[in-house]
Amino acid sequence: MWNSAYSVQNFVTRTLESHGAMVEQTGFALVEVLLPEDLGEVFDGRSFLRLAFDYEVAQETEDCQFVTFGSYLLDAVTGLALSTGRVVQCYVPVPNLELPSKAAEQIGQTVSFIKCKPPRLKKSYPLEFIYYQLNFRCVFRYDEKREELYSVLVDMHTGRQDSEVQELLPLLQKAIPLEKREHMLPQAPVITMEDAYNRACMAVGPMVRMKMEEIEGGQAGLREKELSKATRYYDRTYEELRRKLFRSRDLERQKRFKQQIAATESDRERRLHDIRERFVVEAEVTLDSIVIYHLPKLNLELEVQQREELFPFEVIFNPLSREVERSLCPSCGKPVMQLARTGGNIHCSEGCASAKVR
Ligand SMILES: [Zn+2]
């Protein structure tokens, strides 16, 4: 339906064009760019670039630059986009970074360990967490053309983009962003941009497919009507020719009718195929823009007692949702409520760790 190279290509060419560059596609995943003078500085004083967005194309093309995640060129273009709002930084205000008194109760409701005492909160400290909102523009092509924008929120610390994370999006969007950071905090580790992009694609895929099915469903009535109209027309023509063929005694004429019947049949196939084709919905998805949210959250260090042994565990309090976030199973990464510990390994009750140990 789409590939990441194409999305990157679209992002790069549109950003360059919006800065006055002339972009010409010269082959599959290959473009030539004439840069305006004021952009020369950004691209080492060059005025011409040949960019490949596919590894193999880059290998086969002389004097070109391969653009992918982590490449100098993509970073430069992202920098350009930053200056024009294609990538926006938002510092989310958090009025209260104190841990609420009901936090202990919330921890107990969010995570528990089999055959262990309830976790005890040892200490809490704030960290800055990053969320990426990736906005995808999707063009649906069928009889008509329709455009939709889809946003996917990715938790850059855990990589999560499930429904629980999406629930945070309206809260983040509602907060009026600050111009500067309110608190200078250490940053929680983040996943790579490429990883975030792939995870967002996984989330946007089903949204796009659902819309495609919806459009196809809405078109089904019209398609069937056109198909049956065409079918009726060819049936009538066919019957008429058959009648003429049976009635005819002239061999020459019989031959001509037979040819006409064969032509009608192939015509009919082609026409029905064309009608079906016309109602196939195609979707083209491209990354349009990114909003980067910086959100301070509280990291909670817990202590859990299993028999006479104590072991540490961490959860996160989100001051925006005012909730302790669900933990991820340290062994398989799934969001879970209940964990177990065997041989020093923490895993979920679905037995993910025992599978790993084996
Ligand atoms: Zn697990």
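Structure shown above.
Participant: Just to check I follow, could you spell out empty space enclosed by the protein for this structure?
Facilitator: Over the atoms rolls a probe the size of a water molecule, and in doing so it shows where empty space is left. Under the criterion given, the structure shown has one cavity of 30 Å³ or more. The calculated volume of the largest cavity comes to roughly 60 Å³. Lining the largest cavity are Tyr91, Val92, Glu128, Leu178, Arg181, Glu182, His183, Leu185, His294 and Pro296. When its residues are assigned to classes, the lining of the largest cavity shows five nonpolar, two polar and three charged.

Participant: What's the story with the nonpolar core in this structure? I'm lost.
Facilitator: Inside soluble globular proteins, nonpolar side chains tend to come together where they are buried. Among the nonpolar cores identified, the biggest contains 54 residues, and Val12, Leu16, Phe43, Leu51, Phe136, Phe140 and Val208 are the most heavily contacted of them. At nine residues, helix H7 (residues 193–247) tops the list of elements feeding residues into this core. If sequence neighbours within four positions are ignored, Phe43 has contacts with Leu16, Leu35, Leu49, Tyr72, Leu73, Ala76, Val77 and Leu80. Grouped together as the second largest cluster of nonpolar side chains are 34 residues, Ile107, Val111, Cys329 and Cys348 included.

Participant: I keep staring at helix H8 (residues 251–278) and nothing clicks. Help me out?
Facilitator: With 28 residues, H8 extends 41 Å from end C-alpha to end C-alpha; this agrees with the ideal 40 Å at 1.5 Å per step. Within the span of H8, buried status applies to Phe257, Ile261, Thr264, Leu272 and Ile275. Contacts made by the buried residues of H8 are with H7.

Participant: How do you make sense of the side chain of Asn135 when you look at a structure like this?
Facilitator: Its location among the elements puts Asn135 in strand E7 (residues 120–141). You can call Asn135 buried: its relative accessible area is 8%. Separated by 2.6 Å, the side chains of Asn135 and Ser151 make a polar contact. Not counting the four nearest positions on each side in its chain, Asn135 is found in contact with Tyr150, Ser151, Thr286, Leu287, Asp288, Ser289 and Val291.

Rules used throughout
Residues numbered from 1 in each chain as written. Predicted model: local features only at pLDDT ≥ 70, side-chain atom pairs only at ≥ 80, totals over all residues. Heavy atoms only, no water. 1 Å grid on protein atoms, 1.4 Å probe; cavity = no way out; pocket = protein on both sides within 12 Å on 5 of 7 lines; lining within 4 Å. Points joined across faces, edges and corners; volume = space filled by probe spheres on them. Nonpolar A, V, L, I, M, F, W, Y, C, P; charged D, E, K, R; others polar. Core = buried A, V, L, I, M, F, W, Y, C linked by side-chain atoms within 4.5 Å. Buried < 20%, exposed > 50% of the residue type's maximum accessible area, 1.4 Å probe, protein only. Helix = DSSP H or I, 4+ residues; strand = E, 2+ residues; numbered from the N terminus. Contact = heavy atoms within 4.5 Å. Expected span 1.5 Å × (residues − 1). Polar contact = N/O pair within 3.5 Å; in protein donor to acceptor, adjacent residues only side chain to side chain.

None of the figures reported here should be taken as evidence of function without further support.
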